[in-house]
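Structural characterization, general
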Amino acid sequence: MQSRTPPGAEPGPTRTETDSRLSAALASVVAGARRRAVRDGDRQIDTAHLLHSLLETDPDVRAVFEGAQVVRLLGYLVQRSIGYGLQWQGTVEDSGAVPMVGATGSAASAKETGWSPSASAAMETAVERADRRGAPHARGLDLLAGLLADPDNRAVAVLARAGAEARVILGRIEAYPYAETSAD
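Residues numbered from 1 in each chain as written. Predicted model: local features only at pLDDT ≥ 70, side-chain atom pairs only at ≥ 80, totals over all residues. Heavy atoms only, no water.

**As for the nonpolar core**
- Grouped together as the largest cluster of nonpolar side chains are 42 residues, with contacts concentrated most on Leu50, Leu51, Phe65, Leu143, Leu144 and Leu147.
- Broken down by secondary-structure element, the contributors of at least two residues to this core are helix H2 (24-40), helix H3 (47-57), helix H5 (67-78), helix H7 (117-133), helix H8 (140-148), helix H9 (154-161) and helix H10 (166-175).
- For Phe65, the contacting residues outside a window of four places in its chain are Leu55, Val70, Leu73, Leu144, Leu159, Ala164, Ile169 and Arg172. (Core = buried A, V, L, I, M, F, W, Y, C linked by side-chain atoms within 4.5 Å. Buried < 20%, exposed > 50% of the residue type's maximum accessible area, 1.4 Å probe, protein only. Helix = DSSP H or I, 4+ residues; strand = E, 2+ residues; numbered from the N terminus. Contact = heavy atoms within 4.5 Å.)

**Remarks on the pattern of salt bridges**
- Enumeration according to the criterion identifies eight salt bridges in this entry.
- Between Asp46 and Arg154 there is a salt bridge whose closest N-O contact spans 2.8 Å. Here Asp46, found in the loop between H2 and H3, pairs with Arg154, found in helix H9; they are 108 residues apart in sequence, far enough to count as distant.
- Classification of Arg154 by relative accessible area gives buried; the value is 8%.
- Its salt-bridge partner being Glu66, residue Arg172 comes within 3.1 Å of it at the nearest N-O pair. Pair noted here: Arg172 is in helix H10 and Glu66 is in the loop between helix H4 (59-63) and H5, with a separation of 106 residues, a long-range link. (Salt bridge = Lys/Arg side-chain N within 4 Å of Asp/Glu carboxyl O.)

**A look at the packing of H8 against H10**
- Look at H8 against H10: their axes get within 10 Å of each other, and the N-to-C directions meet at 150 degrees. With respect to their mutual orientation, H8 and H10 come out roughly antiparallel. Both H8 and H10 take part in a crossing whose hand is left-handed. On H10, the residues that touch Leu141, Leu144, Ala145 and Leu148 of H8 are Ala166, Ile169, Leu170 and Ile173.
- Residues of the contact of H8 with H10, tallied by class, amount to eight nonpolar, no polar and no charged. (Axes fitted to C-alpha atoms, helices over the stretch in contact; angles between N-to-C directions. Parallel < 35°, antiparallel > 145°, perpendicular 65-115°, else oblique. Left-handed = near helix turned anticlockwise from the far one by under 90°. Nonpolar A, V, L, I, M, F, W, Y, C, P; charged D, E, K, R; others polar.)

**Overview of H2**
- Look at H2: 24 Å from first C-alpha to last across 17 residues, which is about the 24 Å you get at 1.5 Å a residue.
- Buried within H2 are the following residues: Leu26, Val29, Val30, Gly32, Ala33, Arg36, Ala37 and Asp40. Down the axis of H2, the smallest arc covering the buried residues is 160 degrees, so these residues share one side. Exposed side chains of H2 directed beyond 90 degrees from the buried face belong to Ala24, Arg35, Val38 and Arg39. (Expected span 1.5 Å × (residues − 1). Arc of directions from axis to C-beta.)

Here's what the structure looks like:
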């Protein structure tokens, strides 16, 4: 697969650097997504794994959805291994909509780290959002915004299927009144 890093561009942060910038709660979300991917027999953690783990564990993330949307989303995500999402099994998530930034700037490097290129890009977007806020660590809403940045990834497909519009959710994230806390 060809690198999507622009010629002359510096490679992005390594997975270790990105992981060190996650809040404790978001690190737990990532661990949950990793367990889900392994349990489901998926080769990589993808954006749907991250969305599922976020919805299960982060009250701020759940708060930006309308009540019934969370239930519908979790229903679709649970069905992933028994129906909805089977077309994804054994495939690498790489919509191409977000330029791949990784340790070597290639989809191959994302595969080696166990992350789909789209999931890796979402994680890096989360850290960039924390930087813009002046926060030392990315949180769940940062990651959700990162997932929404790529309109063609699996998480956004699940959102659409459940009737949740990515742009509406992103607007709610931007307006969310959370304060910086020690969990940051």
